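The chain contents come next:
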Amino acid sequence: MSAVRRKFGDEYQAVGPARSSARRERQRFVDKNGRCNVQHGNLGGESSRYLSDLFTTLVDLKWRWNLLIFLLTYTVAWLVMASMWWGIAYLRGDLHQAHDDTYSPCVANVYNFPSAFLFFIETEATIGYGHRYITERCPEGIVLFLFQSLLGSVVDAFLIGCMFIKMSQPKKRAETLMFSRAAVISQRDGRLCLMFRVGNLRNSHMVSAQIRCKLIKSRQTPEGEFLPLDQCELDVGFGTGADQLFLVSPLTICHEINSESPFFCLSQRSLRSEQFEIVVILEGIVETTGMTCQARTSYTEDEVLWGHRFLPVMSLENGFFRVDYSQFHATFEVPTPPYSVKEQEEKLSLSSPLNSPVDNNKTRGEQALPSSPLATEEDFGKGPWLAMKTELGLDERNPGCFLHTYSVVMVLRKAALKQLPKNKVPSMAVMIKSLSRTSAGAGAVFRDPTGEIQGTLHRLLLEERQSELRPGSVLLLRQVGVFSPSHRNHYLNVTPNNLLRIFPPEPEGGCSQRQVRRGQCWWPWGDAGTPPKGGLGCGDPREEGWINPPWAPS
C-alpha cells in the first residue's frame, strides 16, 4: 500500500468499492453471482414442452432432485424386474417345488421374492455367483432376460449420461472468474469512460474470451409505449477488437462515453436519481474441457462510483509478474469533471465565437478579445507565420514536415480515427483566429492553411503570456492534447507545458517583417540578450547598445 501511495501521491486515498450505508436495496434483474431473477408463471398447456426435452430438463434440475430421480429410477426398475421374475416362478409353480431335485424350474434356486431380487441383481450387474441361473426349459425367462438387458442398457445410458453432463458443466468454472464489486467513471486518455475489472483465478486460460455489456433500463418511446427493462448494448470495444480478452491477468474493461453512448447525458448529479442496471457477460472456452463457460454479474446505479479509478494489482517480481488480489476491488478518487459529456460539449461550443453570437453585454467573468485583421486573413505568406517558417526552415509542402503531417485537417482526421498516440499531437503550429476569455481560461479558434479547430488555453498561460496571446499570434506546440468527446468534435487543450514559443503579430509602431528581413530592425542589448518590454525598435544600427535580433536573417 505504501508503494501505491508513492506512485499515485498522498492526495489519492484508497476507498471501498461500494457505498453500503447509503445503498438503496431494490430488485435486481441479475444478481451479483450471475443468477437471473426471472420466474416463468402461468404456462398453462405449455408445460408439456419440458417433457418433450426430458434430458435437458433433468440436466437443468438441481443436484438434490437429480440424485433423488437417480435413486428412485434404479430402485423402481429393480423392484419391477424382480417382481416379474418372481411372477414367472409363481405362475409356473416353481416356488412350491423348489426343493424337489427331480423338478426343473425356470430359474434354479429361486424360492421367494428376496431370492428373485438377488437373481435380478446378479444378472443386471453381471456378477454371476453361479448359484441361481436360467434353465433351458423356460422360454419366457429367456425373453424376459433379453428385455431386462436392453432396458438396463437404456436406463444406464440415460441416467449416467445425465449425471456425467451435469458434473462436467462449466458452471463452477465461472466461480473462479472475478468481477469487481463496483464500476467506476473517470477520464482515460482524455475521454470520460465507464470501467470495471475482470480477473481469472486459475492458471488455465479462457480460450476466445469475449465480454459483452447490456444496459437494463425502463424507458418510454416517443409514441407513448412503455418498455420495462429495455435492453441496450454498451460498446466495450466491439469495433476495435477490445472485447476479445487475453485473460491471464486482471483487465479493466472500458466503455467510452460519447454521443452514441446511453450515458451521454449522465452527470454526477443525475447519477444519484437514475435507475438502471448494467449486466456484464463474459464468455469463453474452458481450456481443460473444451466446453463453453459463461460468467455474469451486474452493477446498479449505486455500484457506479463517479471520479474513481482502480488500484493497480500487478507488480514485477524476480522473473514473473505477481497479481495482488487483495486490491482487486479497491478504488481511489481522482479529479473528474462532474458534468456529463453532453454538458462538456455544450460548454466548449459556447466558448467559441463561431458557435455563439457576439453579445455586447458580457457576463462579469467573461471578456472577449478583439479580432485582428490577421484573424480573418487567408494569406499565410506573411506575418508571424512566415517568420516562424523562416526561422525554423519549415515548408508545409514537404511531406516530412510536421506542418504537413500534423496540420489541422490531418489532426482532425487522425483524432476521428483514434490514430493519435495517447491523444496527443507531437508537434504542431497554429495561429490564433479568435479568443473568448473567461475566469477559468479561454476558448479559442485555431487555424492553419488547411483549416480550423477549436480549443482552450489554460488560465496560467493567459496570466503569464497575456501580452503575446492575441488574435494573429502563431503558437509552436509540442505534445498538445486533443480532447474528443465525440467522433465529430475535437478540441486542442493548450497548457504551459505544451507551448514552445509564441510568434506574436507586429506591434503597432514596431518593426515590420520586411524591415526584419532587410536587417533594419534592432533591439537594445539587455540582460541575457532579451528584448525590452516595449518590443522591437527600428533605428540606426550604428547606435551603441542596439543589436540585430537573433531570429532575424544576417
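Please refer to the structure higher up on the page.
Cut-offs used in this document
Residues numbered from 1 in each chain as written. Predicted model: local features only at pLDDT ≥ 70, side-chain atom pairs only at ≥ 80, totals over all residues. Heavy atoms only, no water. Helix = DSSP H or I, 4+ residues; strand = E, 2+ residues; numbered from the N terminus. Buried < 20%, exposed > 50% of the residue type's maximum accessible area, 1.4 Å probe, protein only. Contact = heavy atoms within 4.5 Å. Areas by Shrake-Rupley, 256 points an atom, 1.4 Å probe, with all protein chains shown as cover. Axes fitted to C-alpha atoms, helices over the stretch in contact; angles between N-to-C directions. Left-handed = near helix turned anticlockwise from the far one by under 90°. Nonpolar A, V, L, I, M, F, W, Y, C, P; charged D, E, K, R; others polar. Parallel < 35°, antiparallel > 145°, perpendicular 65-115°, else oblique. Salt bridge = Lys/Arg side-chain N within 4 Å of Asp/Glu carboxyl O.

Colleague: In this structure, what is going on with the overall build of the protein? I would like to understand it.
Modeller: Across its full length, the protein carries 14 helices and 24 strands. Burial statistics for the protein: of 554 residues in total, 39% are counted as buried. Partitioning the intrachain contacts of the protein with sequence separation of at least 6 by distance along the chain shows that 65% fall at a separation of at least 24. Summed over all atoms, the accessible surface of the protein reaches about 32,200 Å², with 54% contributed by carbon and sulfur.

Colleague: How should I be thinking about the environment of Pro-471 in this particular structure?
Modeller: Position of Pro-471 relative to the elements: it lies in the loop between α13 (459-464) and β20 (474-483). For the pair formed by Pro-471 and Pro-504, sequence separation is 33 residues and the distance between their alpha carbons is 8.8 Å.

Colleague: Would you explain the packing of helix α4 (residues 63-92) against helix α5 (residues 113-124) in this entry?
Modeller: Helix-helix packing is described using two parameters, namely the angle between the two axes and the distance between the axes. Packing of α4 against α5 leaves a shortest axis separation of 8 Å and a crossing angle of 115°. In the packing of α4 onto α5, the handedness of the crossing is right-handed. Contacts from Ala-77, Trp-78, Leu-79, Met-81, Ala-82, Ser-83, Trp-85 and Trp-86 of α4 reach α5 at Phe-113, Ala-116, Phe-117, Phe-119, Phe-120, Ile-121 and Glu-124. Across the contact of α4 with α5, the residue classes tally to 13 nonpolar, one polar and one charged.

Colleague: Help me out: how do you make sense of the packing of α4 against helix α6 (residues 139-167) in this one?
Modeller: The geometry of α4 relative to α6 is characterised by a closest axis approach of 11 Å and an angle of 175° between their N-to-C directions. The orientation of α4 with respect to α6, classified from their angle, is roughly antiparallel. Per-class residue counts for the contact of α4 with α6 are 18 nonpolar, four polar and four charged.

Colleague: How should the pattern of salt bridges be read in this particular structure?
Modeller: Opposite charge on two side chains permits pairing when their charged atoms draw close. With the rule as written, the count across this model stands at 17 salt bridges. Between Glu-233 and Lys-214 there is a salt bridge; the shortest N-O distance is 2.7 Å. Taken as a pair, Glu-233 in strand β6 (residues 226-234) and Lys-214 in strand β5 (residues 206-220) lie far apart in primary sequence, 19 residues in all. You can call Glu-233 partly exposed: its relative accessible area is 40%. Residue classification places Lys-214 among the partly exposed residues on the basis of a relative accessible area of 23%. For Arg-459, the salt bridge goes to Glu-463, with nearest N and O atoms at 3.2 Å. Pair noted here: Arg-459 and Glu-463 are both in helix α13, with a separation of four residues, about one helical turn. By relative accessible area, which is 37% here, Arg-459 ends up partly exposed. Here Glu-463 falls in the exposed class, since its relative accessible area comes to 51%. Linked by salt bridges that have partners in common, Arg-28, Lys-32 and Glu-303 make up one network.

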